[in-house]
Amino acid sequence: MVQLVGSLRKELADSLSTCKVLVVGAGGIGCELLKNLVLTGFKNIDVIDLDTIDVSNLNRQFLFQKKHVGKSKAQVAKESALRFCPSANIIAYHDSIMNPDYNVEFFRKFVLVMNALDNRAARNHVNRMCLAADIPLIESGTAGYLGQVTVIKKGITECYECQPKPTQKTFPGCTIRNTPSEPIHCIVWAKYLFNQLFGEEDADQEVSPDTADPEASWNPEDTAARATASEKDGDIKRVSTKEWARSTGYDPEKLFNKLFKDDIMYLLTMDKLWKKRKAPTPLDWKQLENSACPQKESPVSGLKDQQVLGVWGHCQLFQHSVETLRSQLTEKGEGAELVWDKDDPPAMDFVTAAANLRMHIFSMNMKSRFDVKSMAGNIIPAIATTNAVIAGLIVLEGLKILSGEMESCRTIFLNKCPNLRKKLLVPCVLDPPSNDCYVCASKPEVTVKLDVHKTTVLSLQDRILKERFGMVAPDVQIEDGKGTILISSEEGETEANNGKLLSDFGIRNGSRLQADDFLQDYTLLINVLHSEELEKDVEFEVVGEAPDKAPPPQPTKEEVTSITNGNKDSAQPSTSSKAPAEDDDIMIVDSDEEGAPSGSAAAAPGSTKRKHSDAEIGETSTKRPRINQSSAATSPSNNDDNDIIALD
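What counts as what
Residues numbered from 1 in each chain as written. Predicted model: local features only at pLDDT ≥ 70, side-chain atom pairs only at ≥ 80, totals over all residues. Heavy atoms only, no water. Helix = DSSP H or I, 4+ residues; strand = E, 2+ residues; numbered from the N terminus. Contact = heavy atoms within 4.5 Å. Buried < 20%, exposed > 50% of the residue type's maximum accessible area, 1.4 Å probe, protein only. Pairing = 2+ DSSP bridges. Phe/Tyr/Trp six-rings, centres within 6.5 Å; stacked < 30°, edge-to-face > 60°. Axes fitted to C-alpha atoms, helices over the stretch in contact; angles between N-to-C directions. Parallel < 35°, antiparallel > 145°, perpendicular 65-115°, else oblique. Left-handed = near helix turned anticlockwise from the far one by under 90°. Patch = residues over 30% accessible without salt bridge, like charges linked within 9 Å, V, L, I, M, F, W, Y side chains within 5 Å. Areas by Shrake-Rupley, 256 points an atom, 1.4 Å probe, with all protein chains shown as cover. Salt bridge = Lys/Arg side-chain N within 4 Å of Asp/Glu carboxyl O. Lys, Arg positive; Asp, Glu negative; His and termini not counted. Charge placed at Lys NZ, Arg CZ, Asp CG, Glu CD. UniProt positions renumbered as here; feature names shortened; annotations may be inferred.

**Comments concerning the overall build of the protein**
Alright, step 1. Counting its secondary structure elements, the protein contains 16 helices and 18 strands.
Alright, step 2. Within the protein, contacts between residues separated by at least 24 positions form 73% of all contacts whose residues are at least 6 apart in sequence.

**Here we look at the pairing of strand β7 (residues 137-143)**
Alright, step 1. Where burial is concerned, most of β7 is hidden: seven out of the seven residues are buried.
Alright, step 2. Burial of the side chains of β7 extends over both faces: Leu137, Glu139, Gly141 and Ala143 are buried on one face and Ile138, Ser140 and Thr142 on the other.
Alright, step 3. Pairing between strand β6 (residues 112-115) and β7: two bridges, direction parallel. By the bridge assignment for β7, methionine 114 is matched with isoleucine 138.
Alright, step 4. With antiparallel pairing between neighbouring strands as the criterion, β7 and strand β8 (residues 146-152) make up a hairpin whose turn holds two residues, including glycine 144 at a positive phi of roughly 65°.

**Here's the deal with the packing of aromatic side chains**
Alright, step 1. Applying the stated rule across the entire model yields 18 aromatic pairs.
Alright, step 2. On the basis of an interplanar angle of 80° and a centroid distance of 5.7 Å, the ring pair of phenylalanine 260 and phenylalanine 318 is categorised as edge-to-face. A residue pair is termed long-range when its members are at least 10 positions apart, and phenylalanine 260 in helix α10 (residues 252-268) and phenylalanine 318 in helix α12 (residues 311-332) qualify at 58 residues. Each member of the pair, phenylalanine 260 together with phenylalanine 318, is buried.
Alright, step 3. Taken together through their ring pairs, the aromatic side chains of Trp189, Phe194, Phe198, Tyr250, Phe256, Phe260, Trp285, Trp312, Phe318 and Phe350 make up a single cluster.

**A look at helix α16 (residues 457-468)**
Helical periodicity: at 3.6 residues per turn, an α-helix aligns residues three or four positions apart in one direction.
Alright, step 1. Within the sequence span of α16, burial applies to Val457, Ser459, Leu460, Gln461, Arg463, Ile464, Leu465 and Arg468.
Alright, step 2. In the core, the buried residues of α16 are packed alongside β11 (445-450), β12 (474-478), β13 (484-487), β14 (512-517), β15 (522-530) and β16 (540-542).
Alright, step 3. Looking one or two residues past α16, glycine 470 carries a phi angle of roughly 70°, positive in sign.

**Some details on the packing of helix α2 (residues 28-40) against helix α3 (residues 73-84)**
Alright, step 1. Running from N to C, α2 and α3 point in directions that differ by 30°, and their axes come no closer than 9 Å. Between α2 and α3, the interaxial angle falls into the category roughly parallel. Every pair of crossing elements has a handedness; the one defined by α2 and α3 is right-handed. Two secondary-structure elements touch here, α2 through Leu34, Lys35, Val38 and Leu39 and α3 through Ala77, Lys78, Ala81 and Phe84.

**Considerations on the environment of tyrosine 438**
Alright, step 1. Tracing the backbone through its elements, the reader meets tyrosine 438 in the loop between β10 (425-429) and β11.
Alright, step 2. When its relative accessible area of 12% is taken as the criterion, tyrosine 438 is described as buried.
Alright, step 3. Along the sequence, tyrosine 438 and threonine 523 sit 85 residues apart, while their C-alpha atoms lie 9.4 Å from each other.
Alright, step 4. Setting aside anything within four residues of it in sequence, one finds tyrosine 438 in contact with Arg128, Glu161, Pro444, Glu445, Val446, Arg468, Phe469, Tyr522 and Leu524.

**Here we look at a negative patch on the surface**
Alright, step 1. Residues Glu200, Glu201, Asp202, Glu243 and Glu337 make up a contiguous surface patch of negative charge.
Alright, step 2. In this structure, glutamate 243 sits in helix α9 (residues 241-247).
Alright, step 3. With relative accessibility at 52%, the residue glutamate 243 sits in the exposed group.

**So, the UniProt feature "binding site: Zn(2+)" (unreviewed entry) in the protein**
Alright, step 1. Within this structure's numbering, the places UniProt gives as "binding site: Zn(2+)" (unreviewed entry) are Cys159, Cys162, Cys437 and Cys440. Taking the farthest pair of C-alpha atoms as the criterion, the annotated set spanning 282 residues converges on one region, since that pair is 8.4 Å apart.
Alright, step 2. In this fold, cysteine 437 is placed in the loop between β10 and β11.
Alright, step 3. Once residues within four sequence positions are removed from consideration, cysteine 437 is found in contact with Cys159, Glu161, Cys162 and Pro444.
Alright, step 4. Tracing the backbone through its elements, the reader meets cysteine 440 in the loop between β10 and β11.
Alright, step 5. Discounting residues that sit within four places of it in the chain, cysteine 440 has contacts with Leu131, Cys159, Cys162 and Pro433.

Take a look at the structure:
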């Protein structure tokens, strides 16, 4: 007769009490997950999160209270979880999981890792660490009412990076507030700002910088003192942006100096933020006015909406739009609110001006009104119930793994509407590893198309290896028979190479580079495909989902046409120059909060993964649809509400 401990078999209950598991992230999903784990019987849990608690977290992260604002999420989550089970052994780390201290040996201490993250770089990193340590990983994510849980095991299932993913379209709130690095970050910030000034205020859409450096080393005593500086209950007072704006009479110059000067100068005091980032440059209205007024901006040809104004031009647009929106509020009467609409000229002018001024401050190329309008999409709020459902599913999949029933693990989709079988939760069999994956294949290899006469060593390191291929500390060797070291992760060893071109080292069409990341225990072979015909603003392309072998080395022209250095927002996300990412692919949502946009509807019985219209889809990573051999994918009768939504 089977012995039970609660609802679990005794053997499984004993396993839970002795095994050690790692939870990465203590936010929306992480809080629910940690609570579930201790209530299920897990006794040895490590939890890691770099973030601190903000007042906007309190509506859905229920391990936190008002008195905890400003404190470490991981530490407070630990303390709150221990109230459910005082005998549990929980270790909290206020740190980034990408810190080199958390190496492969660290991951090997655990029998299971559970991700509750909100950014792709960290997901990629944990995926690689679990592959290197050969530890099962449960990946998860939510977007509004949609969610997904999947299991990743080396050699058995697809890894997180087996399928190409489009450019990320949802971002952590701290990125929006403190460290924007792409124009879309600034556009989202400007939309938030519109609501804070003229619309319905939302705590999740805070635009002011964090009250303390989010990347500073965390000391419990210091943080507790900071959290209680305003009130004994730890509530950090902030004057409402709208109240302050009203007190100034919505004066455009005062608004400008607060948003683009004072707040930026405050950010500059957070020195940890700018150790590895270019620091922002504050703007001052009077200085700009004095320097720009005597000169009229030179006329630009083309349609008005497609022109990119100068800094002072955007200052004037900001002033005019604020005055117009102020008049609209006055006409509506006391307590009135405006609703942002991309087709409302003053609202669109405001977002265009504010976003571009912020882009300039953070050293990004500014965008035309047309570009801003096309990039501004809807933001889907995080929903506590979705987080709770997904956290419960993570635990259920974890119990299967600990029971030795890996074959019964599934990818499970939570959909907004029931499918034809009236199911909201749709399980799918896990896919096997992709032979073409540049991460989990036995010998990872890719072909990168670039111009060796234009690409610098620093660009190879930062834009290609770190940004595109997710390495943390790469070492690169040229396979030239001499073992020439191009990039070293040891500080100072190869910094002199940074400004040099790849061609300076004899790299040409057909050259091969070996990139190693010893922290991730990961090696990638890169075939160089030289091309002088890349699209404008595209610095490089990854050729094909399967690595195409580069042709044998051939003499190349010394004279090359100039291309513009690619911006982060302009690089093509597709892994194939032959098969660009389609807008109607099924999407995988990449964030458990911070307003991840929605995917689409549900799942077909027994089904293939199919395409769905991208009309309302935002951030996500692509799970390539498996199209049935029949004509089902093209038949109108099959375009029903039972499509699978792949989220991450």
